[in-house]
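Okay, here's what each chain looks like letter by letter:
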Amino acid sequence: QVQLVESGGGLVQPGGSLRLSCAASGLTVDYYAIGWFRQAAGKEREGVACISRSDSRTHYIDSVKGRFTVTRDNTKNTVYLQMNSLNPAGTAVYYCEADYIRGTCHFEYGYEYWGQGTQVAVSS
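Residues numbered from 1 in each chain as written. Predicted model: local features only at pLDDT ≥ 70, side-chain atom pairs only at ≥ 80, totals over all residues. Heavy atoms only, no water.

K.L.:
How should I be thinking about the sheet that holds strand β8 (residues 78-83) in this particular structure?
P.N.:
Adjacent strands of a sheet form backbone hydrogen bonds with each other and so pair up, either parallel or antiparallel. The strand order across the open sheet formed by 4 strands is β1-β3-β8-β7, and the pairing between neighbours is antiparallel. With partners counted over all chains shown, the strands left at the sheet margins are β1 (3-7) and β7 (68-73), one partner each. When strand polarity is set aside, the average angle formed by the axes of neighbouring strands in this sheet is 15 degrees. The pairing of β7 with β8 spans 6 bridges and is classified as antiparallel. Bridged to F68 within β8 is M83. (Pairing = 2+ DSSP bridges. Helix = DSSP H or I, 4+ residues; strand = E, 2+ residues; numbered from the N terminus. Axes fitted to C-alpha atoms, helices over the stretch in contact; angles between N-to-C directions.)

K.L.:
Please clarify how the side chain of R72 should be interpreted in this entry.
P.N.:
By secondary structure assignment, the location of R72 is in strand β7. Buried charged residue R72 carries no salt bridge. Nearest counter-charge: D30, at 5.8 Å. A polar atom in the side chain of R72 sits 3.1 Å from the backbone oxygen of S52. Discounting residues that sit within four places of it in the chain, R72 has contacts with V29, D30, I51, S52, R53, S54, S56, T78 and V79. (Buried < 20%, exposed > 50% of the residue type's maximum accessible area, 1.4 Å probe, protein only. Lys, Arg positive; Asp, Glu negative; His and termini not counted. Salt bridge = Lys/Arg side-chain N within 4 Å of Asp/Glu carboxyl O. Polar contact = N/O pair within 3.5 Å; in protein donor to acceptor, adjacent residues only side chain to side chain. Contact = heavy atoms within 4.5 Å.)

K.L.:
Would you explain the pairing of strand β11 (residues 118-122) in this entry?
P.N.:
Both faces of the sheet carry side chains from a regular strand, because those side chains alternate between them. A one-sided burial pattern is seen for β11, the buried positions being T118, V120 and V122 and the unburied ones Q119 and A121. As paired elements, strand β2 (residues 10-12) and β11 share 3 bridges and run parallel to each other. Its bridge partner lying in β11, G10 is registered against V120. As paired strands, strand β9 (residues 92-99) and β11 are joined by 3 bridges and run antiparallel to one another. Bridging across to β11, A92 finds its partner in V120.

Structural data, given as structure tokens:
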């Protein structure tokens, strides 16, 4: 059965860093586009970063470019989101999503599978 489990969230001060993990079972992450989405309280869900299958191309929302990096470790069947220089706008629940039908990075279309989310809070 397919399962995506996010971890690594927590409370961090502005300017700090966190690395989120998305551990997959029941699917092989290098066969799927993997997207990171977040939803802050009172706001709509937004795509943050994604990595394509096959060529591993990545894409980022403008507000996190240069600060966030998404990577894939096929030996661990895990995708990571490294978040540096965090600011309060990064406070949200972060979700890992996987899509086989659309294997190229995208934010505007739905993904097939979702994780349970991990909370990130950026506050002094």
